Amino acid sequence: YQRRVHGIGDGAGGGPLNVAVKSELTPKPLEVKDNGNGTMSVVFQPRATGKHEFELTWNSEPIPESPVEINVTGTVVRDASKIEVSGDGLSAGKVGEPIVILVSAPEEAGPGPLQVDASGPAEPEISLSNTGTGKFSITLKVTAEGPYKVGVFWGDSENPIPGSPFTINVSK
């Protein structure tokens, strides 16, 4: 994508050009390049589709025509194999007590969201918590003993994480 933004040139001062991005996931890498001809380029690799808004400032002053909006289309690249799960809740639990599964999603996994589906002898109550950057907690509460299948997906149901679905044996 190329767009000429006016307002930088002779007499504009020594810069620098600063870029702030608003999007679902910040593009990485994000690089500002001097083209050597009085123009500059912002080069980035989007990690999510949708609106990306670029706030451009020169010497801390807003540039005319900023913010610049770019709508990114295409297929989002996700790699569910990068997701790791842990916790005692992966194999066993007790009726009426929280069953906790921890999920770690590094940047290399691409954008989520984390999705969970569970079934068993009774309808489980599922809650998801974001516990930090790329860290999640899945908590299940069940009212009947028996085996429960828990499917954990990254992005959509087409991207199961390694080992999913998990069988959790719940006892009284």
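Just above, that's the structure.
All values derive from a computational prediction rather than experimental measurement. (Residues numbered from 1 in each chain as written. Predicted model: local features only at pLDDT ≥ 70, side-chain atom pairs only at ≥ 80, totals over all residues. Heavy atoms only, no water.)

**Here we look at the overall build of the protein chain**
And step 1. Across its full length, the protein chain carries zero helices and 14 strands.
And step 2. When the elements of the protein chain are put in sequence order from the N terminus, they spell out β-β-β-β-β-β-β-β-β-β-β-β-β-β.
And step 3. In terms of overall size, the protein chain is more extended than a compact globule, its C-alpha atoms giving a radius of gyration of 23 Å where 172 residues would be expected to give roughly 16 Å.
And step 4. Counting only C-alpha atoms and orienting by the principal axes, one finds that the protein chain spans roughly 75 × 25 × 20 Å.
And step 5. Taking all 172 residues of the protein chain together, the buried fraction comes to 33%.
And step 6. Total accessible area on the protein chain stands at roughly 10200 Å², and carbon and sulfur atoms take up 48% of it.
And step 7. Distance from the positive charge centre (14 side chains) to the negative charge centre (21 side chains) of the protein chain: 2 Å. (Helix = DSSP H or I, 4+ residues; strand = E, 2+ residues; numbered from the N terminus. Rg over C-alpha atoms; globule rule 2.2 N^0.38 Å. Buried < 20%, exposed > 50% of the residue type's maximum accessible area, 1.4 Å probe, protein only. Areas by Shrake-Rupley, 256 points an atom, 1.4 Å probe, with all protein chains shown as cover. Lys, Arg positive; Asp, Glu negative; His and termini not counted. Charge placed at Lys NZ, Arg CZ, Asp CG, Glu CD.)

**With respect to the pattern of salt bridges**
And step 1. Across all of its chains, the model carries three salt bridges by this definition.
And step 2. For the salt bridge of K51 with E69, the shortest nitrogen-to-oxygen distance reads 3.7 Å. One end of the pair, K51, is in strand β4 (residues 50–58); the other, E69, is in strand β6 (residues 68–72), and 18 residues separate them in sequence.
And step 3. Note on K51: relative accessible area 51%, which makes it exposed.
And step 4. Judged by relative accessible area, E69 falls into the partly exposed class, the value being 44%.
And step 5. Among the charged side chains, a salt-bridge network with shared partners connects K22, K51, E53 and E69. (Salt bridge = Lys/Arg side-chain N within 4 Å of Asp/Glu carboxyl O.)

**Side note on the sheet that holds strand β8 (residues 92–94)**
And step 1. Taken in spatial order, the four strands make up an open sheet running β8-β14-β13-β10, and their pairing is mixed. Of all the strands in the sheet, the pair left with one neighbour each is β8 and β10 (114–119). Within this sheet the neighbouring strands show an average axis-to-axis angle of 30°, counted without direction.
And step 2. For strand β13 (residues 146–154) and strand β14 (residues 166–171), the ladder comprises five bridges, and the chain directions are antiparallel. What sits directly across from K149, in β14, is T167. (Pairing = 2+ DSSP bridges. Axes fitted to C-alpha atoms, helices over the stretch in contact; angles between N-to-C directions.)

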